[in-house]
Amino acid sequence: MRPRTISLRLLTILAAGFLIAPTGAQAAAPAITSFSPSSGTIGTSVTIAGTGFTGTTSVGFAGAVADFKVMGNKKIVVTAPNNVATGKITVKSAKGTGTSKTNFTATPGADLSPSSGAPLATVTVSGAGFKPSTAVDIYFDLTEQALAITSARGTISMQIQVPASAQPGAHWVSL
């Protein structure tokens, strides 16, 4: 006796008003058309214009990951991070990566964390926008606290201690 052949057919039932995209079809990856301003330092707010921004998972400046807020499918507002460097801006989502055609230019600047504290407190000084492998002096008021060498990306991150003699009030930390 010959074995019987059974034919199976896949039947897909769709609910009214739904459309199933063909296998492999995907929405477009993010695309950056412009950003403004074109330069800045740590903490600069940058507005990115383009398409496909819904579902963005990360935004970067030359690879440095930044805090961002998606304002809609065509607009993102991002803050230049403490390790911002000159280079392309990228927007990533599950659909792909969009890269700017032009560079964001990082300008010299610094940030302190925390921005206040008692004498002998440890403060992290983050700097960006400097030339790569350059010596940078860090001062508390007029007293040199440290000498830092910038990274290949032109950034620094160094801890200093608030002098024991520091009096209450505003003080300058400068590079």
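Novice: Help me understand the side chain of T155 in this model?
Specialist: Structurally, T155 can be placed in the loop between β12 (143-149) and β13 (156-161). Apart from the residues lying within four places of it in its own chain, the contact partners of T155 are N83, V84, G127, A128, I149 and T150.

Novice: Looking at this structure, how should I read unusual backbone geometry?
Specialist: Most peptide bonds take the trans configuration, and most residues that are not glycine carry a negative phi. Residue S36 is joined to P37 through a cis peptide bond whose omega torsion reads 0 degrees. S113 connects to P114 through a cis peptide bond whose omega is -5 degrees. With respect to the helices, strands and loops of the structure, P114 is situated in the loop between β9 (109-113) and β10 (122-128). For A62, which is not a glycine, the phi torsion comes out positive at approximately 50 degrees. Considering the arrangement of structural elements, one finds A62 in the loop between β4 (56-61) and β5 (64-72).

Novice: Would you mind going over the sheet that holds strand β6 (residues 75-79) with me for this structure?
Specialist: Each strand in a sheet pairs with another by means of backbone hydrogen bonds, the pair being arranged parallel or else antiparallel. Spatial strand order, β1-β3-β6-β5-β4-β7-β8-β2: eight strands in an open sheet with mixed pairing. Both outer strands of the open sheet, β1 (31-36) and β2 (39-40), are each paired with one neighbouring strand and no more. Sheet topology places strand β3 (residues 45-51) next to β6; five bridges connect them, and they run antiparallel. By the bridge assignment, I48 is partnered in β6 with I76.

Novice: Quick question: what am I supposed to make of the environment of M158 here?
Specialist: When you line up the elements, M158 lands in strand β13. Separated by 34 residues in the primary sequence, M158 and T124 have C-alpha atoms spaced 5.6 Å apart. Those residues within four positions of M158 in sequence are excluded, and the remaining contacts are V123, T124, V125, I138, A146, L147 and A148.

Novice: What exactly am I supposed to notice about the pairing of β5 here?
Specialist: On any regular strand, side chains alternate: one points to one face of the sheet, the next to the other face. Both β4 and β5 contribute to a ladder of three bridges, which runs antiparallel. Within the sheet, the bridge partner assigned to F61 lies in β5 and is A64. Two successive antiparallel strands, β4 and β5, enclose a turn made up of two residues, where A62 displays a positive phi of approximately 50 degrees. Note that β5 and β6 share five bridges and pair antiparallel. For K69, the partnering residue across the bridge sits in β6 and is V77. Once β5 ends, the chain turns through two residues before running back antiparallel as β6.

Novice: Is there a simple way to explain the packing of aromatic side chains in this structure?
Specialist: Centre-to-centre distance and the angle between the planes together describe a pair of aromatic rings. Tallying each qualifying case throughout the model produces two aromatic pairs. Between F35 and F104 the ring centres are 6.4 Å apart and the planes differ by 50 degrees, which places this aromatic pair in the tilted class. Here F35, found in strand β1, pairs with F104, found in strand β8 (residues 96-106); they are 69 residues apart in sequence, far enough to count as distant. Accessibility assignment for this pair places F35 and F104 in one class, buried. Centroid distance F61 to F104: 5.0 Å. Interplanar angle 75 degrees. Geometry classified as edge-to-face. Taken together, the residues F61 in strand β4 and F104 in strand β8 connect sequence positions 43 residues apart. For the pair formed by F61 and F104, the shared burial category is buried. Among the aromatic residues, those joined into a ring-pair cluster are F35, F61 and F104.

Novice: I would appreciate a short explanation of the confidence of the model for the chain in the present structure.
Specialist: As a note on interpretation, predicted positions should not be read in detail where pLDDT is low. Of the residues in the chain, 85% reach a pLDDT of 70 or more, and the chain-wide mean stands at 88. Contacts of residues 5-22 to residues separated by more than four positions or lying in other chains number two contacts, the stretch itself having pLDDT below 50.

What counts, and at which threshold
- Residues numbered from 1 in each chain as written.
- Predicted model: local features only at pLDDT ≥ 70, side-chain atom pairs only at ≥ 80, totals over all residues.
- Heavy atoms only, no water.
- Helix = DSSP H or I, 4+ residues; strand = E, 2+ residues; numbered from the N terminus.
- Contact = heavy atoms within 4.5 Å.
- Pairing = 2+ DSSP bridges.
- Phe/Tyr/Trp six-rings, centres within 6.5 Å; stacked < 30°, edge-to-face > 60°.
- Buried < 20%, exposed > 50% of the residue type's maximum accessible area, 1.4 Å probe, protein only.
- pLDDT = per-residue confidence, 0-100.

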